[in-house]
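So you can see what is in the structure, the chains are spelled out below.
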Amino acid sequence: MHLPPADRSRRTSVVLAAILVPLAVATVVGLGLLWPSGSAPQTGVVAVDTEYPTARVQQAEDTACAGENEDRLPDGSIPREVTCTLVTAVVTSSEAEGEVVEVWSPATVRADEVPAGTTVVLARYLETATEPEVWAWHDYARTLPLTTLAGAFAIVVVLVAGMRGFRALVGLAIAFGLIATFMLPALLEGGDPLVVGLVGSSAIMFVVLYLAHGFSRRTTTALLGTMAGLAVTALLGAVAARAAHLTGISTEESYRLAMLTGQLDGTALRGLFLCGVVLAGLGVLNDVTITQASAVWELRAADPTSSRRELFAGGMRIGRDHIASTVYTIAFAYAGAALPILLLLQVYQMPLAQTLGSGEFAEEIARTLVGSIGLVLAIPLTTAIAALVVTTQAALAPGEQGGHRHVAPAPQ
């Protein structure tokens, strides 16, 4: 029996709500159960009274000093004499403002790279009962250039995308706020990493998608496709981590984290790897699902008489192009980020099979492939859901299908 368009539209809304409301409730409950208590986690980090004030360089001078182990040459020898840079700077923040201090810069920084007027960050180790106050170089002060770059990014997004771009930026800020206030503290307090990742990612997607794209069936379709992709990614990640014996301890940073948190058995860090897989898939999944949903809606707007099969076929033609380009994007993004490691392995001349099977590369390969599989499967899922939903939608006024007004051609 064929239902009237209005009844089909209402039934579709009920079905979408029946799927989405439990997901939203589960996300809220998960946030409540896993929300960190705020107590400082027990780690092996020894608290030291340290400040990081900014300072303005007055002068920098290259001088000769004895070579040390970090100055070792490619042939293994340590030079007797190397060039060191002594930086004189005036402190511009903290209670030590106005004080002039001298610090040694790192071996990679020479006098011509810190001219007078350069703003740097120093480490000030406060005086204790047994140790005097010590000043040391910490880093360049990059707040101004990074803030300027972020401001330029925000301006470009708003100018091109208008209010939707502005809402997307607000959603991005909320997402990073949720990562900082919920996900990271919950992980440090011992919350199950995979559950924390799924709950946090779900909350981020609810906020980001609806805030940026508004409450509509199109957005809901993209959200369902994203959730399905995340579920597939999490499941495949768990299988891959166990099958490939990925412990999560493959780099100096992960080993240090395991040591400081007492998780050298690798169980927690394997979960952290899975959490990273889920979180890393958010951005690309969001991109492809909203694109696929929009493509199906626009195809329906162009031809209101098209069937679900035709809409799915047309959407998948677009999706296949998206899949091809996204696969390249993921692969090249990783290659760019891992370029120093790739060069180091080239220097070591390790066999390719052994290189790819090493812990660090195996983790990244598994993360990339698992995320890519979830991404690829999310495209037909989202396209099928969109074709089903858009064809049950109540008819709109002529020229307003898909949310955009189309001007009919003038009669000849």
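Residues numbered from 1 in each chain as written. Predicted model: local features only at pLDDT ≥ 70, side-chain atom pairs only at ≥ 80, totals over all residues. Heavy atoms only, no water.

1. A few points about the overall build of the chain
- Along the backbone of the chain there are 10 helices and 6 strands.
- Going through the 412 residues of the chain one by one, you find that 34% of them count as buried.
- Looking at the chain alone, contacts between residues at least 24 apart form 68% of all its contacts between residues at least 6 apart. (Helix = DSSP H or I, 4+ residues; strand = E, 2+ residues; numbered from the N terminus. Buried < 20%, exposed > 50% of the residue type's maximum accessible area, 1.4 Å probe, protein only. Contact = heavy atoms within 4.5 Å.)

2. Overview of the pattern of salt bridges
- Following the criterion strictly, the structure yields 5 salt bridges and no others.
- Between E95 and R124 there is a salt bridge, with the nearest N and O atoms lying 3.5 Å from each other. With E95 in the loop between β3 (81-91) and β4 (100-104) and R124 in strand β5 (residues 119-125), this residue pair connects regions lying 29 residues apart in the sequence.
- What makes E95 exposed here is its relative accessible area of 69%.
- The residue E133 makes a salt bridge to R124 at a minimum N-O spacing of 2.8 Å.
- The class of R124 is buried, set by a relative accessible area of 8%.
- The network of salt bridges with shared partners includes E51, E95, R124 and E133. (Salt bridge = Lys/Arg side-chain N within 4 Å of Asp/Glu carboxyl O.)

3. Section: the packing of helix α3 (residues 193-213) against helix α4 (residues 217-243)
- Packing of α3 against α4 leaves a shortest axis separation of 10 Å and a crossing angle of 160°. With respect to each other, α3 and α4 are oriented roughly antiparallel. For α3 against α4, the interelement crossing comes out right-handed. Taken together, the residues of α4 that come into contact with α3 (itself represented by L194, L198, S201, S202, M205, F206, L209, Y210 and H213) are T219, T220, A222, L223, T226, M227, L230 and A234. (Axes fitted to C-alpha atoms, helices over the stretch in contact; angles between N-to-C directions. Parallel < 35°, antiparallel > 145°, perpendicular 65-115°, else oblique. Left-handed = near helix turned anticlockwise from the far one by under 90°.)

4. What about the nonpolar core?
- L20, F182, M183, I204, M205, F206 and L223 are the most contacted members of the largest nonpolar core, which totals 38 residues.
- When contributions to this core are tallied by element, the ones reaching two or more residues are α1 (5-34), α2 (143-188), α3, α4, α6 (267-302) and α10 (359-390).
- Setting aside anything within four residues of it in sequence, one finds M205 in contact with Y210, L223, T226, L282 and N286.
- Within the second largest apolar cluster, 14 residues are counted, among which are V87, A89, A96 and V114. (Core = buried A, V, L, I, M, F, W, Y, C linked by side-chain atoms within 4.5 Å.)

5. Quick notes on the environment of A154
- Secondary-structure assignment places A154 in helix α2.
- Classification of A154 as partly exposed rests on a relative accessible area of 26%.
- Taking the C-alpha atoms as reference points, A154 and A168, separated by 14 residues in sequence, lie 9.9 Å from one another.

6. Focus: a nonpolar patch on the surface
- A grouping of V158, M163, F166, V170, I174 and V207 is seen on the molecular surface, where their side chains present a nonpolar patch of about 460 Å² in accessible area.
- In terms of residues, the nonpolar patch owes the most to one element, α2, which gives 5 residues.
- Position of M163 among the secondary structure elements: in helix α2.
- When its relative accessible area of 54% is taken as the criterion, M163 is described as exposed. (Patch = residues over 30% accessible without salt bridge, like charges linked within 9 Å, V, L, I, M, F, W, Y side chains within 5 Å. Areas by Shrake-Rupley, 256 points an atom, 1.4 Å probe, with all protein chains shown as cover.)

7. What to know about α2
- With 46 residues, α2 should reach 68 Å at 1.5 Å per residue; the first-to-last C-alpha distance of 27 Å falls well below that figure.
- If you look at α2, its biggest bend is around 135°, right at A161.
- Residues of α2 that are buried: V157, G165, L169, G171, A175, L178, I179, F182, M183 and A186.
- Looking one or two residues beyond α2, the residue adopting positive phi is G190, at roughly 95°. (Expected span 1.5 Å × (residues − 1). Bend = angle between axes of the 7 residues up to and from the residue.)

8. Some points on the packing of α2 against α3
- α3 packs onto α2 with a crossing angle of 165° between their chain directions and a minimal axis gap of 8 Å. Taken together, the axes of α2 and α3 lie roughly antiparallel to each other. Read as a crossing pair, α2 and α3 show a hand that is right-handed.
- Along the lines of polarity and charge, the residues of the contact of α2 with α3 split into 19 nonpolar, 4 polar and 2 charged. (Nonpolar A, V, L, I, M, F, W, Y, C, P; charged D, E, K, R; others polar.)

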